[in-house]
Amino acid sequence: MTQTPPDGGPGAGDTPGARARTGLLVVGSFVGLLYLIEILNTALFHSLNRTFGLRPRSLDGILDILTFPLLHASLAHLMSNTLPLIIFGFLVFLSGRRVFITALAASWLASGMVVWLIGGASITVGASGLVFGLFSFLLVRGFFNRNWWQIALSVVLFLVYGGILFGVLPTVASFVSWQAHLGGAIGGVAAALLLSTRRLRALPAGR
């Protein structure tokens, strides 16, 4: 029997190079899917946004939480999310598949729930909530884990991309869904806390 590390990190036969290749494949495939959906959506005059975009405080809009990050208002909108999504997603994936899935899912769900609860009257679409979630996860996980390498990475990322954090403020980002950004950031922090190595070590060992 083999054992998988509690943080979803490398197991037997896993190497940083193999993880990097898998991460590029997974994140690249997800972004490729977004572009395929955008091409179809453009051909349909973005009618998918009206059907699957997130409609705040509507009962059937709860299901839109599962679909709204897959849609975008335009190709330019998608392109603005592409590079940070690839960079942050790849860096998170280097910590393991389970870490990536947990951080992505928490960002996705928290972003959607905040938009559904306090979003404006318009329909919300876009993967920017995922971008903010993965970014916030990378920023705080090192402090939860007390890992100096992760903290150093978070400092570098903050210096390069820290300006995007203003996107959680309604007075600054009134023309975009700051609610999605805020929710994604909350989800990323929650995932970092949930996956904290200190917290996992404190849990009782399974039999």
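First, a word on scope: everything that follows refers to the structure included in this document.

1. Overview of the nonpolar core
Nonpolar side chains in soluble globular proteins tend to be buried together.
Here's step 1: Ranked by internal contacts, the top residues of the largest apolar core, which has 34 residues, are L85, V92 and F137.
Here's step 2: Of all the secondary-structure elements, those providing two or more residues to this core are α1 (16-43), α3 (75-93), α4 (97-118), α5 (128-145) and α7 (178-194).
Here's step 3: When near neighbours in sequence (up to four residues on either side) are disregarded, L85 contacts V27, F30, V31, L34, A127, L130, V131 and L134.
Here's step 4: One finds I65, F68, W116 and A180 within the second-largest nonpolar core, a separate group that totals six residues.

2. Quick notes on the packing of α3 against α5
Helix-helix packing is described using two parameters, namely the angle between the two axes and the distance between the axes.
Here's step 1: Direction vectors running N to C along α3 and α5 enclose 40°, while the axes themselves pass 9 Å from each other. Classed by the angle they form, the pair α3 and α5 counts as oblique. Two packed elements cross with a definite hand, and for α3 against α5 that hand is left-handed. Of the residues in α5, those in contact with N81, P84, L85, F88, G89, L91 and V92 of α3 are S128, L130, V131, L134, F135, F137, L138 and R141.
Here's step 2: Taken together, the residues that form the contact of α3 with α5 break down as 11 nonpolar, three polar and one charged.

3. Looking at the packing of aromatic side chains
Here's step 1: In the structure shown here, the tally under the stated rule is four aromatic pairs.
Here's step 2: Between F30 and W108, the aromatic rings sit 6.3 Å apart at their centres with planes inclined by 55°, giving tilted as the arrangement. You can see F30 sitting in helix α1 and its partner W108 sitting in helix α4, a full 78 residues away along the chain.
Here's step 3: A relative accessible area of 14% means that W108 is categorised as buried.
Here's step 4: With centroids separated by 5.1 Å and ring planes inclined at 80°, the aromatic side chains of F88 and Y161 adopt a geometry described as edge-to-face. Placement of the pair is F88 in helix α3 and Y161 in helix α6 (residues 148-161), with a sequence separation of 73 residues.
Here's step 5: The exposure class of F88 is buried, given its relative accessible area of 0%.
Here's step 6: These aromatic residues form a ring-pair network of at least three members: F88, F135 and Y161.

Conventions we followed
- Residues numbered from 1 in each chain as written.
- Predicted model: local features only at pLDDT ≥ 70, side-chain atom pairs only at ≥ 80, totals over all residues.
- Heavy atoms only, no water.
- Core = buried A, V, L, I, M, F, W, Y, C linked by side-chain atoms within 4.5 Å.
- Buried < 20%, exposed > 50% of the residue type's maximum accessible area, 1.4 Å probe, protein only.
- Helix = DSSP H or I, 4+ residues; strand = E, 2+ residues; numbered from the N terminus.
- Contact = heavy atoms within 4.5 Å.
- Axes fitted to C-alpha atoms, helices over the stretch in contact; angles between N-to-C directions.
- Parallel < 35°, antiparallel > 145°, perpendicular 65-115°, else oblique.
- Left-handed = near helix turned anticlockwise from the far one by under 90°.
- Nonpolar A, V, L, I, M, F, W, Y, C, P; charged D, E, K, R; others polar.
- Phe/Tyr/Trp six-rings, centres within 6.5 Å; stacked < 30°, edge-to-face > 60°.

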